[in-house]
Amino acid sequence: MILKKDAIFVVAGDSVTDCDRDFLAPTWKSESLGNGYAYFLQAALTGFCPELNVQVVNRGVGGDTSAQLLERWQEDVLDLRPDLISILIGVNDAWRHFDGHARTSELIDVAGYQENCRRMIRSGLDCGAAMMVLSPFMLELNTADPLGSMVRQYAAAAREVAAEFHLPFVDLQAAFDQALSRRYTCNFSPDRIHPNEAAHMIILRELWRTLTGKSLL
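First, a word on scope: everything that follows refers to the structure included in this document. Keep in mind it's a predicted model, so treat the numbers as computed, not measured.

## Section: helix H8 (residues 172-180)
With seven of its nine residues buried, H8 lies for the most part within the structure. Considered for burial, the residues of H8 that qualify are Leu 172, Gln 173, Ala 175, Phe 176, Asp 177, Ala 179 and Leu 180. The inward-facing, buried residues of H8 abut strand S3 (84-88), strand S4 (130-134), helix H7 (146-164), strand S5 (169-170) and helix H9 (197-212).

Rendered as structure tokens:
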């Protein structure tokens, strides 16, 4: 098991992690966790591994790219002195190429995304934290879809960076591809990007396998 007793586990990312968390709530209150996988993870760890006394801290911010996460990395993540950090970022790096909200000079290509991830990983490791990387994903099986195809490129880039540092990699795109081979996208997301409760349970399942080496179900 990656987690140790009394560990602080910071989950960092964008809206997939954020999930309407209360930014003003203290970290020991459930409102600070939002209503997605961070909340479910804390519940699972408390219920199934109460002896570990792990505290999950949600540091997702909706709309963040890897560059924006990097900008707040020190204050939002490292200053918490976490024992374990997970990074789930990248879908907005791809989305900004399509949504028209960013100037061309602000767009982050795959190489830039990888470098942002490397900088976060290096600093986390330097602070003594264990780290894991989760792939960005899109709930879309059509690999010819322009956005979906680009998200898969960032997911592959995340895998490469995790391998560079010999970190655990959680392939969420593969997990969702498997689910989508059996049920339509609307069962898991209203917009192919943001997971509903069922999809967050898939994220929890994959995280649990990596954290414990065991199946949740």
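## Side note on the sheet that holds S5
Overall, parallel pairing links the five strands, which are arranged S2-S1-S3-S4-S5 in an open sheet. Every interior strand has two partners, whereas the edge strands, strand S2 (55-60) and S5, have only one. Pairing of S3 with S4, which is carried by five bridges, proceeds in the parallel orientation. Among the inter-strand pairings, Ile 87 is bridged to a residue of S4, identified as Val 133. Where H9 meets the sheet, its contacts fall on strand S1 (8-13), S3, S4 and S5, and the angle it forms with S4 comes to roughly 145°.

## Focus: the packing of helix H2 (residues 37-48) against H9
The interhelical angle for the contact between H2 and H9, taken along N-to-C directions, is 50°, at an axis separation of 9 Å. Considered as vectors, H2 and H9 are oriented oblique to each other. For the pair H2 and H9, the sense of crossing is right-handed. Residues Tyr 37, Phe 40, Leu 41, Ala 44, Leu 45 and Phe 48 of H2 pack against Glu 197, His 200, Met 201, Ile 203, Leu 204, Leu 207, Trp 208 and Leu 211 of H9. Its residues assigned to classes, the contact of H2 with H9 comprises twelve nonpolar, one polar and one charged.

## As for the packing of helix H6 (residues 110-126) against H7
At a minimum axis separation of 10 Å, H6 and H7 run at an interaxial angle of 35°. The hand of the H6/H7 crossing is right-handed. In this structure, H6 contributes Val 110, Tyr 113, Gln 114, Cys 117, Arg 118 and Ile 121 to the contact, and H7 contributes Gln 153, Tyr 154, Ala 157, Ala 158, Glu 160, Val 161 and Glu 164. A breakdown of the residues in the contact of H6 with H7 according to their chemical character gives eight nonpolar, two polar and three charged.

Criteria and thresholds
- Residues numbered from 1 in each chain as written.
- Predicted model: local features only at pLDDT ≥ 70, side-chain atom pairs only at ≥ 80, totals over all residues.
- Heavy atoms only, no water.
- Buried < 20%, exposed > 50% of the residue type's maximum accessible area, 1.4 Å probe, protein only.
- Helix = DSSP H or I, 4+ residues; strand = E, 2+ residues; numbered from the N terminus.
- Contact = heavy atoms within 4.5 Å.
- Pairing = 2+ DSSP bridges.
- Axes fitted to C-alpha atoms, helices over the stretch in contact; angles between N-to-C directions.
- Parallel < 35°, antiparallel > 145°, perpendicular 65-115°, else oblique.
- Left-handed = near helix turned anticlockwise from the far one by under 90°.
- Nonpolar A, V, L, I, M, F, W, Y, C, P; charged D, E, K, R; others polar.

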